[in-house]
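Chains, contacts and geometry: an overview
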Amino acid sequence: MQTQLFIDGRFVPALSGATLATLNPHDNSEIAQVSMAGREDVDRAVAAAKKAFPAWSAMAAADRGRLLLKLADAIEANADALARLESLDTGHPIRDTRNLDVPRTAATFRYFGGMADKVEGSVIPVEAGFLNYLTREPVGVVGQVVPWNFPLMFTSWKMAPALAAGNCVVMKPAELTPLSSLAIAALMAEVGFPAGVVNVLPGLGHVAGQYIAEHPEISKVAFTGSTAVGRKIVQASSGNLKKVQLELGGKGANIVYGDANLDAVVQGSAFGIFHNQGQACIAASRLIVHESIADDLLERFTSLARSIRIGDPLDPSTEMGPLTSQMHRDRVLSYVDVAREQGGRVLAGGKAPDAAALAKGCYVEPTIVQAKPTDRVAQEEVFGPFVTVSTFRTDEEALAIANGTEYGLGAGLWTRDLQRAHLVARQLRSGMVWINCYKRVSPASPFGGVGASGYGREMGFEVMREYTQPKSVWVNVDANIPPYYPR
Ligand code: TAP
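Residues numbered from 1 in each chain as written. Predicted model: local features only at pLDDT ≥ 70, side-chain atom pairs only at ≥ 80, totals over all residues. Heavy atoms only, no water.

1. Concerning the nonpolar core
With 118 residues, the main nonpolar core has Phe109, Leu163, Phe193, Val256 and Phe274 as its most contacted residues. With nine residues, the single largest contributor to this core is helix H5 (residues 151–164). Counting contributing residues, this core receives three or more from each of domain 1 (5–248 + 453–473) and domain 2 (253–435). Here Phe109 is in contact with Leu68, Leu71, Ala72, Ile75, Thr155, Ser156, Met159, Ala160, Ile184 and Met188, once residues within four sequence places are set aside. (Core = buried A, V, L, I, M, F, W, Y, C linked by side-chain atoms within 4.5 Å. Buried < 20%, exposed > 50% of the residue type's maximum accessible area, 1.4 Å probe, protein only. Helix = DSSP H or I, 4+ residues; strand = E, 2+ residues; numbered from the N terminus. Domains from an automatic or database assignment. Contact = heavy atoms within 4.5 Å.)

Put into structure tokens, the structure is as follows:
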């Protein structure tokens with residue numbers, strides 16, 4: 001297990017010698033002491049990335065792609081160890097890290113390995129006598145700041161497209177969960193990525209993260225995390241006007257119409273909110289139900305929530321693990337009081353589990369709260385296994401509730417009515433919409449939001465636009481046409 005900073009192809013201690021413990025959220029025991037980067041370490045990493053950039057960006061795109069494909073193979077070859085490390089550090093159940101996080105991480109590196117040599121330019125029809133063509137060039141050194149909820153997967157979401165496009169990377173994982181990004185860095189060194197192309201700097205957000213956003217030699221910063229820090233990133237980036245890409249919070253609307261298949265709704269909604277203990281920006285955190293089916297649906301949904309097996313993330317039978325930190329668990333539980341103060345009714349959960357074996361960990365029971373759409377718990381991102389339920393009578397009312405927060409990341413709807421499904425999908429103020437499913441993601445499909453959920457898109461070809469800049473080239477190709485505007 002690597003616990004030092006990864007700079008210029010090597011693991012090195014922070015210049016200050018500072019380290020911080022990373023904890024196992026199952027029992028809050030220490031897993032390891034991890035080096036914490038200071039500003040001077042960010043400078044070292046940026047210098048290494050800058051040095052590596054000319055050769056990396058000039059390398060044949062297919063060769064960059066080949067390295068990403070080799071990395072995907074190496075991730076699969078080390079799948080069990082990576083899954084275990086991620087479960088230890090984050091609290092995700094091992095069945096999820098093994099079956100979802102690790103395969104999705106490999107799939108993302110593989111998808112962008114294939115993408116590397118497909119980023120084409122275009123020829124633009126301008127006036128006679130001139131050829132105008134457009135190429136896409138890498139941005140340069142890019143800074144990336146990632147959160148603690150899916151650290152392994154987000155390492156691939158951030159790094160893979162940036163590298164495929166020919167950029168060099170300085171990435172800061174969250175202080176709570178640095179281990180899987182360091183493990184990926186070690187695999188990158190093993191499969192032959194040139195030194196300096198990728199640098200991974202565990203560190204504190206307000207120190208290393210802030211300096212990455214400010215750094216005058218970083219040309220772009222890509223951030224995933226809270227809306228509050230997203231705003232700070234924008235401000236910090238203004239010094240050298242770097243490109244900014246923000247994937248921020250969400251408050252996912254999950255609308256269930258009266259004609260929906262309730263078996264599918266119950267299963268899909270439980271996955272939407274309880275997977276990864278609800279610590280997902282696209283969590284289905286607001287269940288919005290037609291009044292005609294509300295009683296039936298809530299009975300089934302609460303009974304499923306109560307049956308979820310909570311326990312040690314390393315136990316293969318565990319369906320829900322602990323939240324990733326004690327502080328975050330306390331924050332999530334504090335929202336139960338907030339709900340009650342505004343008249344909310346707790347239908348399930350609302351507390352830590354009683355089991356003595358879980359007493360030292362950051363556990364919260366799956367929690368369902370009936371609340372008004374304007375209540376704080378239905379407006380603010382709780383980021384836990386915490387879903388609000390409200391009812392509606394008309395389609396207009398459902399849409400108004402769904403669009404009634406500052407966020408606009410993911411939203412879902414369940415109906416058998418095809419026309420309504422597409423009409424509502426068009427009217428939802430949201431970067432992603434799921435019809436009769438929830439929380440589907442793919443490296444091929446653009447991911448991102450509007451409003452307080454940020455801007456820019458990850459994944460698909462869209463993200464290649466984020467990690468490149470267009471260059472327009474004019475060529476005078478006709479000797480009979482004056483190369484200047486006639487006077
Ligand atoms: P954030 O504070 O937003 O942390 C995300 C990342 O930003 C971490 O790497 C963090 O470093 C870093 N960071 C913190 N302050 C920074 C600054 N001034 N400049 C640059 N980087 C900075 O999220 P959190 O505190 O971990 O969670 C708070 C809430 O944010 C959650 O409850 C949830 O609502 C939301 N959240 C959303 C997402 C997604 S996927 N949209 C993910 C996580 C959290 P440190 O690790 O050192 O703090």
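2. Description of the packing of aromatic side chains
One pass over the full model with this rule turns up twelve aromatic pairs. Here the aromatic rings of Phe130 and Trp474 are separated by 6.2 Å at their centres, their planes lie at 75 degrees, and the arrangement is edge-to-face. Of this pair, Phe130 sits in strand E6 (residues 130–138) while Trp474 sits in strand E20 (residues 468–476), and the two are 344 residues apart along the sequence. Relative to Phe383, the ring of Trp148 lies with its centre 5.4 Å away and its plane at 85 degrees, an arrangement referred to as edge-to-face. Residue Trp148 is found in the loop between strand E7 (141–145) and H5, and its partner Phe383 is found in the loop between strand E15 (367–370) and strand E16 (386–392); the two are separated by 235 residues along the sequence. You can call Trp148 buried: its relative accessible area is 17%. Here the aromatic residues Phe150, Phe154, Trp157 and Phe447 are joined through ring pairs into a cluster of three or more. It is Lys220 that lies over the ring of Tyr467; its NZ or CZ is 4.3 Å from the centre. Over the ring of Phe271 we find Lys439; its NZ or CZ atom is 5.2 Å from the centre of that ring. (Phe/Tyr/Trp six-rings, centres within 6.5 Å; stacked < 30°, edge-to-face > 60°. Lys NZ or Arg CZ within 6 Å of the ring centre and 35° of its normal.)

3. So, the site of the ligand
In the region of the ligand, 29 residues are neighbours, and Trp148, Glu175, Gly205, Ser226 and Glu381 sit closest. Trp148 is positioned with one of its side-chain polar atoms (N or O) 2.3 Å from an oxygen atom of the ligand. Interatomic distance of 3.1 Å between a side-chain N/O atom of Gln210 and a nitrogen atom of the ligand. Starting from 870 Å² of accessible surface for the ligand in isolation, the protein chains cover 88%. The set of elements that each furnish at least two residues to the shell around the ligand consists of helix H7 (205–214), strand E10 (220–224), helix H8 (227–236) and helix H11 (326–341). Taken together, the residues of the shell around the ligand sort by class into 13 nonpolar, ten polar and six charged. When residues of the shell around the ligand are assigned to domains, at least three map to each of domain 1 (5–248 + 453–473) and domain 2 (253–435). (Near = heavy atom within 4 Å. Polar contact = N/O pair within 3.5 Å; in protein donor to acceptor, adjacent residues only side chain to side chain. Areas by Shrake-Rupley, 256 points an atom, 1.4 Å probe, with all protein chains shown as cover. Nonpolar A, V, L, I, M, F, W, Y, C, P; charged D, E, K, R; others polar.)

4. Some points on the sheet that holds E20
As summarised here, the arrangement of the three strands in space is E5-E6-E20, forming an open sheet in which the pairing is antiparallel. Looking at which strands have only one partner, the edges of the open sheet turn out to be strand E5 (122–124) and E20. With strand direction ignored, the average angle separating the axes of adjacent strands in the sheet is 30 degrees. (Pairing = 2+ DSSP bridges. Axes fitted to C-alpha atoms, helices over the stretch in contact; angles between N-to-C directions.)

5. What about the domain arrangement of the protein chain?
Domain assignment breaks the protein chain into domain 1 (5–248 + 453–473) and domain 2 (253–435). Averaged C-alpha coordinates put domain 1 and domain 2 at centres separated by 30 Å. In total, domain 1 and domain 2 occlude about 2400 Å² of area from one another, counting both sides; carbon and sulfur atoms represent 57% of this. Taken together, the links from domain 1 to domain 2 amount to one salt bridge. Here Arg95 and Glu319 are joined by a salt bridge, their closest N and O atoms 3.9 Å apart. Inspection of the region where domain 1 meets domain 2 yields 13 residue pairs in polar contact (both at pLDDT 80 or more). Looking at the side of domain 1 that touches domain 2, the elements with two or more residues in it are helix H3 (79–90), helix H4 (94–115) and H8. (Buried area = accessible area lost by both parts, 1.4 Å probe. Salt bridge = Lys/Arg side-chain N within 4 Å of Asp/Glu carboxyl O.)

6. Examining the sheet that holds strand E18 (residues 432–435)
One open sheet holds the seven strands; their spatial order is E14-E15-E16-E13-E12-E17-E18, and the pairing between them is mixed. One side of each edge strand has no neighbouring strand; the edge strands of this open sheet are strand E14 (345–348) and E18. Ignoring which end each strand starts from, the neighbouring axes of this sheet average 25 degrees apart. Looking at chain direction, strand E12 (residues 253–256) and strand E17 (residues 410–414) are connected through four bridges and run parallel. Each bridged residue has a counterpart across the sheet, and for Val256 the counterpart in E17 is Trp414. Its contacts with the sheet put helix H9 (residues 262–274) on E12, strand E13 (286–290), E15, E16 and E17, and the angle it makes with E17 is roughly 165 degrees.

7. A look at the environment of Arg393
Among the structural elements, Arg393 can be located in the loop between E16 and helix H12 (395–402). Residue class for Arg393 comes out exposed when judged on its relative accessible area of 58%.

8. Quick word on the packing of helix H2 (residues 61–77) against H4
Packed helix pairs are characterised by how far apart their axes lie and by the angle those axes make with each other. Remark: H2 packs on H4, axes separated minimally by 7 Å, with the N-to-C direction vectors making an angle of 165 degrees. Considering their axes alone, H2 and H4 lie roughly antiparallel with respect to each other. The crossing of H2 and H4 is left-handed. Where H2 abuts H4, its residues Gly65, Leu68, Leu69, Leu71, Ala72, Asp73, Ile75 and Glu76 lie against Val102, Thr105, Ala106, Phe109, Arg110, Phe112, Gly113 and Gly114. Broken down by class, the residue content of the contact of H2 with H4 amounts to nine nonpolar, four polar and three charged. (Parallel < 35°, antiparallel > 145°, perpendicular 65-115°, else oblique. Left-handed = near helix turned anticlockwise from the far one by under 90°.)

9. Examining the pattern of salt bridges
Summed over all chains, the structure comprises 24 salt bridges. A salt bridge links Arg110 to Glu76; its shortest N-O distance comes to 3.0 Å. Here Arg110, found in helix H4, pairs with Glu76, found in helix H2; they are 34 residues apart in sequence, far enough to count as distant.

10. Description of the UniProt feature "domain: Aldehyde dehydrogenase" (unreviewed entry) in the protein chain
Per the UniProt record, "domain: Aldehyde dehydrogenase" (unreviewed entry) is found at residues 16–473. Helix and strand shares over residues 16–473 are 40% and 19% respectively, and the end C-alpha atoms of the span are 47 Å apart. (UniProt positions renumbered as here; feature names shortened; annotations may be inferred.)

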